[in-house]
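Coordinate inspection notes
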2 protein chains.
Amino acid sequence: MSEKEERIHKVIMEDRKLLRITGVRKVSSFDTKEIVLDTVKGGLVIKGQDLGVQNLNLENSELEIEGQVDILSYLTGRSKESSGRGVWERVFK
Amino acid sequence: MSEKEERIHKVIMEDRKLLRITGVRKVSSFDTKEIVLDTVKGGLVIKGQDLGVQNLNLENSELEIEGQVDILSYLTGRSKESSGRGVWERVFK
């Protein structure tokens with residue numbers, strides 16, 4: 001995959017229960033209520049109920065999630081070059 | 001359009017700056033930082049910067065938004081049959 005493709009961040013959500021995300025760099029944590037990931041457009045927190053990762057393919061920067069989605073929340077775009085760790089510390093300290 | 005089509009709620013976001021939403025019942029308010037709408041899957045608040053409605057077609061239940069998207073936040077699914085008003089009163093009172 002080219003570097004250009006990796007940098008496209010797309011979110012497709014259907015009926016609040018199926019979420020496909022591209023441009024994913026890493027998944028920092030996940031459980032049934034919260035999934036924390038780093039995308040090429042910044043850190044992203046997904047909150048909901050009965051969340052589950054259906055498909056995670058970091059070679060293609062793709063993630064598929066099932067469950068009821070309540071909140072998608074981005075951090076400001078500055079985390080692009082960071083590992084994400086410092087950003088979370090700032091937010092949740 | 002059939003009733004079935006109206007009930008499909010899909011969100012497509014590209015690079016955090018272009019948002020296409022179907023299954024939109026009404027837009028309650030919008031400004032550059034916050035757009036409040038009612039969808040067939042519940043109330044939805046979009047927060048960001050420089051937000052603007054590019055296209056609103058309630059006959060097709062479609063909405064297009066440009067701007068930097070920071071947060072998509074749904075209310076719980078119970079608002080499905082309500083006008084949306086009671087839900088916002090509960091949240092923002």
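How each quantity is defined
- Residues numbered from 1 in each chain as written.
- Chains lettered and ligands numbered in written order.
- Predicted model: local features only at pLDDT ≥ 70, side-chain atom pairs only at ≥ 80, totals over all residues.
- Heavy atoms only, no water.
- Contact = heavy atoms within 4.5 Å.
- Buried area = accessible area lost by both parts, 1.4 Å probe.
- Salt bridge = Lys/Arg side-chain N within 4 Å of Asp/Glu carboxyl O.
- Polar contact = N/O pair within 3.5 Å; in protein donor to acceptor, adjacent residues only side chain to side chain.
- Helix = DSSP H or I, 4+ residues; strand = E, 2+ residues; numbered from the N terminus.
- Core = buried A, V, L, I, M, F, W, Y, C linked by side-chain atoms within 4.5 Å.
- Buried < 20%, exposed > 50% of the residue type's maximum accessible area, 1.4 Å probe, protein only.
- Least-squares fit on C-alpha atoms with pLDDT ≥ 70 in both.
- Pairing = 2+ DSSP bridges.

**Some remarks on the interface of chain B and chain A**
One frequent convention defines the size of an interface as the accessible area lost when the parts assemble. Counting residues at the interface gives 20 residues for chain B, matched by 20 residues for chain A. Summed over both partners, the interface of chain B with chain A comes to about 1700 Å²; 50% of that surface belongs to carbon and sulfur atoms. Applying the counting rule to chain B against chain A returns two salt bridges. Glutamate 14 of chain B is the salt-bridge partner of lysine 10 of chain A, the closest N and O atoms lying 3.8 Å from each other. On the surface where chain B and chain A come into contact, there are 11 residue pairs in polar contact (both at pLDDT 80 or more). Mapped by element, the contributors of at least two residues to the side of chain B that touches chain A are strand E1 (10–14) and strand E6 (62–74) of chain B. The element that contributes the greatest number of residues to the side of chain B that touches chain A is E6 of chain B, accounting for six residues.

**Concerning the nonpolar core**
Formed by 31 residues in total, the largest nonpolar core has its most connected members in Leu19, Ile21 and Ile46 of chain A together with Leu19, Ile21 and Ile46 of chain B. The residues contacting leucine 19 of chain B, other than those within four sequence positions of it, are Val11, Ile12, Met13, Ile46, Leu63, Glu64, Ile65, Val69 and Leu72 of chain B.

**Focus on the relation of the copies chain B and chain A**
Between chain B and chain A, the superposition needs a rotation of 180° and an axial shift of 0.0 Å, giving an RMSD of 0.0 Å. Such a turn and shift between the copies fits a two-fold axis.

**Topic: the pairing of strand E4 (residues 34–39) of chain B**
Residue and element names in this part refer to chain B. Burial of E4 is extensive: five of the six residues sit out of reach of the surface. The pairing of strand E3 (residues 24–30) with E4 spans five bridges and is antiparallel. Bridge assignment links valine 27 to a residue of E4, and that residue is leucine 37. Connecting the antiparallel pair E3 and E4 is a turn made up of three residues. From the end of E4 to the start of strand E5 (residues 42–57), which pair antiparallel, there are two residues.

**Description of the pairing of strand E1 (residues 10–14) of chain A**
Along E1 of chain A, the buried face is formed by Val11 and Met13 of chain A; none of Lys10, Ile12 and Glu14 of chain A, which line the opposite face, is buried. Sheet topology places E1 of chain A next to E1 of chain B; five bridges connect them, and they run antiparallel. Of the residues in E1 of chain B, the one forming a bridge with lysine 10 of chain A is glutamate 14 of chain B. Bridge count between E1 of chain A and strand E2 (residues 18–22) of chain A: four bridges; the pairing is antiparallel. Its bridge partner being in E2 of chain A, glutamate 14 of chain A is matched across the sheet by leucine 18 of chain A. Taking the residues between adjacent antiparallel strands as the criterion, E1 of chain A and E2 of chain A are bridged by three residues, where aspartate 15 of chain A takes a positive phi near 50°.

**Considerations on unusual backbone geometry**
Even without a glycine there, the phi angle at aspartate 50 of chain A is positive, about 55°. Structurally, aspartate 50 of chain A is set in strand E5 (residues 42–57). One non-glycine residue, arginine 16 of chain B, lies in positive phi territory at about 60°. Locating arginine 16 of chain B in the fold gives a position in the loop between E1 and strand E2 (18–22).

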